[in-house]
Amino acid sequence: MAGLRGAAPPLSAWRGRSGRRYVVGVHELAEPELDEVDEAVVIAVRRDEAGIAEAVSITASGRGPRERLHRNWLARARQKGATEMHVHRLAESEEERRAVVADLALEPEQANA
């Protein structure tokens, strides 16, 4: 998979409970990739035997080192079997990112899990 730097990543989309569709770039779930993510909604994804994507954790990241995704989020996502992160960058404000996380969350506790 292409990294956040360089070539454009493969694209996919997720549909929220509201019916809205969110376009995402598909990336490897790795610390160097995660370090590049700011001001985005990030979905940790695992795939089943048929290759179907399943969200295991959804969070939003802000700008700056304090608001970047935490390493413990990465560790928890890996423990749940995640191997990819799907990054949605079209939510421009913190409020919009929180709304996307809430819309995409399959269960209330999954948001920011």
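Our subject is the structure listed above.
The numbering scheme is per chain: residues are counted from 1 as the chain's sequence reads. Local features are withheld for residues below a pLDDT of 70 in this predicted model, meaning they are given only at 70 or higher, and side-chain atom pairs are given and counted only at 80 or more; totals for whole chains, interfaces and linings count all residues. The basis for every side-chain value is the complete set of non-hydrogen atoms in the structure, without hydrogens or water.

Caption draft 1: Structural view of the pairing of strand E1 (residues 11-15). Relative to strand E2 (residues 21-28), E1 is paired through five bridges, and the arrangement is antiparallel. What sits directly across from tryptophan 14, in E2, is tyrosine 22. Strands qualify as paired when DSSP identifies two bridges or more between them. A run of DSSP states H or I qualifies as a helix once it reaches four residues; a run of E qualifies as a strand once it reaches two. Both are numbered from the N-terminal end. The loop that links E1 with its antiparallel partner E2 comprises five residues; one of these, glycine 19, has a positive phi angle of about 100°.

Caption draft 2: Quick look at the sheet that holds strand E3 (residues 40-47). The strand order across the open sheet built from five strands is E1-E2-E5-E3-E4, with neighbouring strands paired in antiparallel fashion. Of all the strands in the sheet, the pair left with one neighbour each is E1 and strand E4 (53-61). Between one strand and the next, the sheet's axes are offset by a mean angle of 35°, whatever the strand orientation. Every axis corresponds to a line fitted to the C-alpha atoms, with the helix fit spanning only the stretch in contact, and the corresponding angles, defined between N-to-C directions, vary from 0 to 180 degrees.

Caption draft 3: Region of interest: the pairing of E3. Burial classification: accessible surface area is computed with a 1.4 Å probe over protein chains only, and a residue below 20% of its type maximum counts as buried, one above 50% as exposed, and the rest as partly exposed. Across the eight residues that make up E3, a large majority, six, are buried. When E3 meets E4, the two strands line up antiparallel, connected through eight bridges. By the bridge assignment for E4, valine 45 is matched with alanine 55. If you look at the hairpin formed by E3 and E4, you'll find five residues sitting between the two strands, and glycine 51 has a positive phi there, around 90°. The sheet contact formed by E3 and strand E5 (residues 84-88) spans five bridges and is antiparallel. If you follow valine 45 over to E5, its bridge partner there is glutamate 84.

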